[in-house]
Protein chains: 2
Amino acid sequence: MSWKENVRQVEPYTPGEQPKDQNVIKLNTNENPYGPSDKVKNYALDFDLLRKYPDPAASDLVNALADYHHVDPAQVFVGVGSDDVLAMAFLTFFNSGHPILFPDISYSFYPVWAELYKIPFKTPALTEDFRIEPSDYLAENGGVVFPNPNAPTARLLPLDAVEKIVAGNPDVVVIVDEAYIDFAPEGSSALSLVDKYENLLVVRTFSKSRSMAGLRIGYAIGQKDLIACMQAVKYSFNSYTMNRPSILYGCASVADDEYFRSTVGKIVATREWFSEELKKLGFLVIPSAANFVFASHSTVPAEEIFREARDHGIFFRYFKQPRIDNYLRITIGTDEEMKAVVSFLLDILHKK
Amino acid sequence: MSWKENVRQVEPYTPGEQPKDQNVIKLNTNENPYGPSDKVKNYALDFDLLRKYPDPAASDLVNALADYHHVDPAQVFVGVGSDDVLAMAFLTFFNSGHPILFPDISYSFYPVWAELYKIPFKTPALTEDFRIEPSDYLAENGGVVFPNPNAPTARLLPLDAVEKIVAGNPDVVVIVDEAYIDFAPEGSSALSLVDKYENLLVVRTFSKSRSMAGLRIGYAIGQKDLIACMQAVKYSFNSYTMNRPSILYGCASVADDEYFRSTVGKIVATREWFSEELKKLGFLVIPSAANFVFASHSTVPAEEIFREARDHGIFFRYFKQPRIDNYLRITIGTDEEMKAVVSFLLDILHKK
């Protein structure tokens, strides 16, 4: 016998490429091209307080988010990025023998968490044009989770369809992972349904629209009972997950709504322009409600474009997976970066 | 039916009291009374980089720790405080049907993680004078974990006894939780055994000796195979646990060994002086190798002292548990703080 026999067996997950070279156009991990708010940059951190444990409830940040979203602080759960929040939600809520449901094309971490926590799962197929079909999620199940807008497709599920899934599953928790919702039209978020459905959990992140991927802040909003269950599990895992910089810079970010709205607006405008340019170049572009586009060229294979771009210091994301292996996921950068991308694409497509 | 039926059932863990008032003498959570190194305070964080994901491998910090401890970087695992590291180790290694073993009086999080992950456990009793008896840990088991020095007793298990436990359990992982080892005599750490035993994991934290509880940094050192298993589970949970401030300020802290040694030295000197003063006041003091002492008064009940101290703005830790409910755990603060404590104790004990 050996200690190795009792090791939890998992497929090691490989995170996206993080090129060390700063002189690349990095459009592969859906980061925000603009830095965080000046209120963050100018916040004076009291270093002497680092010797003390942070507030385990991260109350300052929880209160700031509750204020911002007009909910009670007891309805807010914060964690180390939305990955931490989602992992805690899987561990907390998905304990029935029934399979949980998420789309076949979706955030690649869902099956990883399911395997880690030994949760059975099924993956209903998106339609041909990458739409979630709500009726697929009404079969008996142990829970439902999907990103909205979906990743990597960028497609938004309209709120009435989201509600159909939540309303049709009163006996399980439905998690709507809204990592990219700030880039979608107003009124798309399931937050407006939280008061109505006790089984709905909405998850958000500071990594995309708030330019703070490097700080690791995610949060969830739901009714108090749901959040209390997550808190109990979180306190059984690690009392102090949010460090002082996360709590304090996080609050500073929430306090600057003007900057937040202006950078989100810029990215949405760039996305609309860039999508049109891609179409002119012969790409099929899935309508995007996120800070990235998902596109496939009519004649040149995605993998070929992906490799040539990387050789030119332009990083896209490419998934060698059934159904999407002819698509590229391209993060929206600055106007200058996207113009450079268009000019690169024009150049290489011309040579084919 | 309801979603509530499938919620993971846990005893919500309540973290230690964090008084908001800054004018108290806070000796209840084993924090360091001295701030972090000037190298941390003067580190210029590049805020624009917060928009990017941190390095998922936290390589800068891992390399700094590997250099510091003269091990290979592949032998180092970092996490969000040692609680995160320990929780990941429980999830990774304790999957047999046999109960894991830890002392009856020990870190209160061990049974919480065991319940969270549904791991059976047994708790061999410490001796009357709070010693770990190595032979208690040689029965068939699913793994072993203990703090050294133990918490809340502050007692050190000599290295030869630690080795007896590690060597006697080749088929399971033995975790030695060295949160307080920097305050123990040189040569006490099980790190010197890591090359010899593939089943040994040594866990450390920046929260005590490195004055960085507010940053949340913990780490583990073991042989490469052991660390690789933990990495696989960690990457299946959350790729990016260490935020940029943790990685960068953590490196700055490791770079200032002189400051580290000087503050640890001051705390050890204060502890020795304070322990003698307590004895003069009629306390039984368990010999401490940590940054706190565990003490019981010959005539006045611990709970009474605990309450009166709190009324005077002095926070100790009191555990209302069998065997230790007449003991106080008192963190070592500055000389000034400990003099104030002695004078307070002199005062109230006089009145009894």
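Details of the structure are given in the entry above.
On a predicted model such as this, the values are computed, not experimentally measured, just so you know. (Residues numbered from 1 in each chain as written. Chains lettered and ligands numbered in written order. Predicted model: local features only at pLDDT ≥ 70, side-chain atom pairs only at ≥ 80, totals over all residues. Heavy atoms only, no water.)

A. Up close: the overall build of chain A. A count of helical and extended segments in chain A gives 10 helices and 13 strands. Since a compact globule built from 352 residues should have a radius of gyration of about 20 Å, the 21 Å found for chain A is in line with a globular shape. Per-residue burial for chain A yields a buried fraction of 64% across its 352 residues. Summing over all exposed atoms, chain A offers an accessible surface of approximately 13100 Å²; the carbon and sulfur share of this is 50%. Side chains of chain A carry 35 positive and 46 negative charges; the gap between the two charge centres is 3 Å. (Helix = DSSP H or I, 4+ residues; strand = E, 2+ residues; numbered from the N terminus. Rg over C-alpha atoms; globule rule 2.2 N^0.38 Å. Buried < 20%, exposed > 50% of the residue type's maximum accessible area, 1.4 Å probe, protein only. Areas by Shrake-Rupley, 256 points an atom, 1.4 Å probe, with all protein chains shown as cover. Lys, Arg positive; Asp, Glu negative; His and termini not counted. Charge placed at Lys NZ, Arg CZ, Asp CG, Glu CD.)

B. Quick look at the interface of chain A and chain B. If you look at the interface, chain A gives 86 residues, while chain B gives 86 residues. Summed over both sides, the interface between chain A and chain B buries roughly 7200 Å², with carbon and sulfur atoms accounting for 58% of that surface. For chain A, the biggest contributors to the area lost against chain B are Trp3(A), Arg51(A) and Tyr53(A); these three give 13% of the whole. Here chain A and chain B share four salt bridges between them. When the shortest N-O distance is used, the salt bridge between Asp225(A) and Lys4(B) registers 3.1 Å. The interface formed by chain A and chain B contains 45 residue pairs in polar contact (both at pLDDT 80 or more). Going through the elements one at a time, helix H1 (38-41), helix H3 (81-93), helix H4 (109-116), helix H6 (224-237) and helix H7 (244-254) of chain A are the ones with two or more residues in the side of chain A that touches chain B. In terms of residues, the side of chain A that touches chain B owes the most to one element, H6(A), which gives eight residues. Grouping the amino acids of the side of chain A that touches chain B by side-chain chemistry returns 45 nonpolar, 21 polar and 20 charged. (Contact = heavy atoms within 4.5 Å. Buried area = accessible area lost by both parts, 1.4 Å probe. Salt bridge = Lys/Arg side-chain N within 4 Å of Asp/Glu carboxyl O. Polar contact = N/O pair within 3.5 Å; in protein donor to acceptor, adjacent residues only side chain to side chain. Nonpolar A, V, L, I, M, F, W, Y, C, P; charged D, E, K, R; others polar.)

C. Structural detail: the pattern of salt bridges. Residues and elements named next belong to chain B. Tallying each qualifying case throughout the model produces 36 salt bridges over all chains. With its nearest N and O atoms 2.9 Å apart, the salt bridge here joins Asp129 to Arg131. Under the relative-accessibility criterion, Asp129 is labelled partly exposed at 32%. Put simply, Lys280 and Glu277 hold a salt bridge, and the shortest N to O gap is 2.9 Å.

D. Here's a closer look at the relation of the copies chain A and chain B. If you rotate chain A by 180 degrees and push it 0.0 Å along the axis, it lands on chain B with an RMSD of 0.0 Å. Interpreted geometrically, this transformation is the action of a two-fold axis. Of the C-alpha atoms belonging to chain A, the one lying closest to the rotation axis is found on Pro245(A), 3.5 Å away. (Least-squares fit on C-alpha atoms with pLDDT ≥ 70 in both.)

E. View of the packing of H3(A) against H6(A). Residue and element names in this part refer to chain A. Running from N to C, H3 and H6 point in directions that differ by 105 degrees, and their axes come no closer than 9 Å. When the axis of H3 is compared with that of H6, the two are roughly perpendicular. Where H3 abuts H6, its residues Val85, Met88, Ala89, Leu91, Thr92 and Phe93 lie against Leu226, Cys229, Met230, Val233, Lys234 and Phe237. Of the residues contributing to the contact of H3 with H6, the split by class is 10 nonpolar, one polar and one charged. (Axes fitted to C-alpha atoms, helices over the stretch in contact; angles between N-to-C directions. Parallel < 35°, antiparallel > 145°, perpendicular 65-115°, else oblique.)

F. Representation of the sheet that holds strand S12 (residues 328-331) of chain B. Residue and element names in this part refer to chain B. Here three strands make up an open sheet; going across it, the order is S9-S10-S12 and the pairing antiparallel. Bordering the open sheet on either side are strand S9 (283-285) and S12, each of which pairs with just one other strand. For this sheet the average axis-to-axis angle between neighbouring strands, irrespective of direction, equals 35 degrees. Two strands pair when backbone bridges link them, and S9 and strand S10 (residues 292-297) are joined in this way by three bridges, in the antiparallel orientation. When the sheet's bridge partners are listed, Phe283 is paired in S10 with His297. (Pairing = 2+ DSSP bridges.)

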